[in-house]
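For reference, the chains in residue letters:
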Amino acid sequence: MALVVRAIEMRDLDGLLALAQLTGGGMTTLKPDRAILAARLDRACASFAAAIAPARRDYLFVMEDTAYGRLVGVCAVKAAVGLEESFYNYRIGTLVHASKELDVYSRMDTLYLASDLTGSGELCSLYLHPDYRHGDNGKLLSKSRLLFIAQFPHLFPDRLIAELRGYQNGDGASPFWDSLGRHFFKMGFDRADDLSSLDKKSFIAELMPRYPLYIALLPQSAQDVIGKVHAASAPAQRMLEQEGMYFEGYVDIFDAGPVLQARVRELRTVRESRLAQIAAPSSAFASAAAPATAPDAGAALLISNTVLSRFRVIAGAPHFSAASLPSSSSSASSSASSSLLLAPADQALLECGPGDAVRCVALEHAAGARQ
């Protein structure tokens, strides 16, 4: 098995649709609608080609099992949200009611409809085929986007967010939506989510109340899931928190899933990734018929090329000419201070060769490291 995460291409529409059909609903940015996905693919290809303004770009990546020519995963990072259509969340706040005369003090948690996160970059659309949910495959897929940001930080705003899918019952129902949203929207959860995915979000402002909603007045089943993630998204939440992303009291307006956020410059991958140069292979590598390590075999590093239009990421364990990763660099134009030996098959996956620059970062988060 030889896995690579790469920039999506126009030929990938059928594979993308097949993955979207497996998600089971609730993923606003990955609806199994061919026309919607085709439009998004067009924008993604234009983004990698730098054919549209940076703030409008939507970078969509796919994981390919090259041994079978099969797409097995998808993920994305949007350059900015809310600049073309309104972007809403609930912000958890507090209201205090007090009376000195009656000696009463009451502190109540509330939900405010807010667009505070407008302009942030967004990690989204993460999905891995069930057959590939083992080893380091999930880390390769999820963290590939962060290595892309580390390579091209000038293309993104200072803040990055990730809206995680909210809790659902075993039958797919959303306790939060059933207790709140359906009373204002007069439609099912799936229909409202579909409209949101079509960027028809003006209906949210038109139908939602403008005043704070008291959380204590919601049914207990709804209160219990505010900020609670869908079971399938729990591994992604842990990985993002290890990168330094955190919950700051914003939740999705439909299912109350948590919104994580962080400053781009504080993400572990951005801080710790380094540039290196591929060295001429030794005879041992030259004779290798397969990658040095498979992505699910305990590989040590994520490695990417440095080309925007054909960005690619693999997991591998190359040998450095120095004892540690090369010195830090923040742009593709910076020179690499160390060289590494990379198997020919891995070079082919990255579409690069001796003398080319690659960006590397440790796959695992070091215990005790600053977050």
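These figures come from a predicted structure and were not determined experimentally.

Engineer: Mind showing me how you'd approach the overall build of the chain here?
Structural biologist: For the chain, the count of helices and strands is eleven helices and 16 strands. Counting all 371 residues of the chain, 51% fall into the buried class. Contacts spanning at least 24 positions in sequence make up 73% of the contacts within the chain whose residues lie at least 6 apart.

Engineer: Whenever I open this one, the environment of R34 confuses me. Can you help?
Structural biologist: Structurally, the position occupied by R34 is in helix α2 (residues 34–48). When the C-alpha atoms of R34 and L13 are compared, they prove to be 7.9 Å apart, with 21 residues separating the residues in sequence. Engagement of the side chain of R34 in a polar contact is seen with the side chain of D14, the distance being 2.7 Å.

Engineer: Hey, could you run me through the pairing of strand β13 (residues 312–316) in this one?
Structural biologist: Within a regular strand, side chains alternate between the sheet's two faces. Taken across its five residues, β13 has five buried, putting it largely inside the fold. Side-chain alternation along β13 places R312, I314 and G316 on one buried face and V313 and A315 on a second face that is also buried. Relative to β13, strand β1 (residues 3–7) runs antiparallel, the two sharing two bridges. Along β13, the bridge assignment pairs V5 with V313.

Engineer: What should I look at first to understand the pattern of salt bridges in this one?
Structural biologist: Close approach of charged atoms allows side chains with opposite charge to pair. Evaluation of the coordinates by the stated rule reveals 19 salt bridges. R268 serves as the salt-bridge partner of E272, at 3.2 Å between the closest nitrogen and oxygen. Of this pair, E272 and R268 both sit in helix α9 (residues 268–272), four residues apart, roughly one helical turn. The class for E272 is partly exposed, based on a relative accessible area of 24%. Relative accessible area serves as the criterion here: at 1%, R268 is assigned to the buried category. The structure contains a network of salt bridges with shared partners spanning R6, E9, R11, D12 and E64.

Engineer: Even after reading the chapter, I still don't get the side chain of R6, so can you show me in this structure?
Structural biologist: Structurally, R6 can be placed in strand β1. Using a relative accessible area of 1% as the deciding quantity, one classes R6 as buried. Within polar-contact distance, the side chain of R6 engages the side chain of D12 at 2.8 Å. At a separation of 2.8 Å, a polar atom in the side chain of R6 contacts the side chain of E64.

Engineer: Please explain helix α1 (residues 13–20) as it appears in this structure.
Structural biologist: Since the α-helix packs 3.6 residues into each turn, any two residues three or four apart lie on the same face. For α1, the full list of buried residues reads L13, L16, L17, L19 and A20. All buried residues of α1 lie within an arc of 160 degrees about the axis, which places them on one face of the element.

About the cut-offs
- Residues numbered from 1 in each chain as written.
- Predicted model: local features only at pLDDT ≥ 70, side-chain atom pairs only at ≥ 80, totals over all residues.
- Heavy atoms only, no water.
- Helix = DSSP H or I, 4+ residues; strand = E, 2+ residues; numbered from the N terminus.
- Buried < 20%, exposed > 50% of the residue type's maximum accessible area, 1.4 Å probe, protein only.
- Contact = heavy atoms within 4.5 Å.
- Polar contact = N/O pair within 3.5 Å; in protein donor to acceptor, adjacent residues only side chain to side chain.
- Pairing = 2+ DSSP bridges.
- Salt bridge = Lys/Arg side-chain N within 4 Å of Asp/Glu carboxyl O.
- Arc of directions from axis to C-beta.

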